[in-house]
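# Tertiary structure, described
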Amino acid sequence: MTDIYIFKKKDLYYGFEMDGHADFSKENDILCASLSILSMNTPNSIEKICSIDSKDLNLEVRDGYLKMMIDIEKFDETKIRDIQTIIKTFEVGIISLKEVYNKYIEIYYKEV
């Protein structure tokens, strides 16, 4: 089971945390691979597209775990909008996966 926490404050997304292996399959776990790609692509996209230094992402990665938090208030309106779009795209992806693989994914929202 993979638990995913999306961190929000009012309407702003501040990051997410993904913990656990999906355990959909013992070999070639397509669900785990899909979740990994979504979770790693999000901070990579924020860094590259928004020209944000990786140290501003507060990223923690280890086996079966990824957490990314961003201090949104320190950026200008344009960067905030772009960051929000990228994190919302991550959210759309995990919600779509949950619709198909419901018993392997839990999504929670945490107010920060």
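Keep in mind that what you see is a predicted model, and the values were worked out from it rather than measured.

### Observations regarding the sheet that holds strand β5 (residues 105–111)
Read across the open sheet, the 5 strands follow the order β3-β4-β2-β1-β5; overall the sheet is mixed. What marks the edges here is a single partner per strand, and that holds for β3 (59–62) and β5. Shown here is a sheet whose adjacent strand axes are inclined to one another by a mean of 15°, direction ignored. Summarising the sheet, strand β2 (residues 12–19) and strand β4 (residues 65–69) pair through 5 bridges and their orientation is antiparallel. The residue of β4 that forms the bridge with Asp19 is Tyr65. Docked against the sheet, helix α2 (residues 77–100) engages β1 (2–9), β2, β4 and β5, running at close to 40° with respect to β2.

### Details of the side chain of Lys98
Topologically, Lys98 is positioned in helix α2. Glu106 provides the closest opposite charge to the buried, salt-bridge-free Lys98, at an N-O distance of 4.1 Å. Separated by 2.7 Å, the side chain of Lys98 and the backbone oxygen of Ile105 make a polar contact. Leaving out residues up to four positions away in the same chain, Lys98 has contacts with Ile105, Glu106 and Ile107.

Quick notes on the rules
- Residues numbered from 1 in each chain as written.
- Predicted model: local features only at pLDDT ≥ 70, side-chain atom pairs only at ≥ 80, totals over all residues.
- Heavy atoms only, no water.
- Pairing = 2+ DSSP bridges.
- Helix = DSSP H or I, 4+ residues; strand = E, 2+ residues; numbered from the N terminus.
- Axes fitted to C-alpha atoms, helices over the stretch in contact; angles between N-to-C directions.
- Contact = heavy atoms within 4.5 Å.
- Buried < 20%, exposed > 50% of the residue type's maximum accessible area, 1.4 Å probe, protein only.
- Lys, Arg positive; Asp, Glu negative; His and termini not counted.
- Salt bridge = Lys/Arg side-chain N within 4 Å of Asp/Glu carboxyl O.
- Polar contact = N/O pair within 3.5 Å; in protein donor to acceptor, adjacent residues only side chain to side chain.

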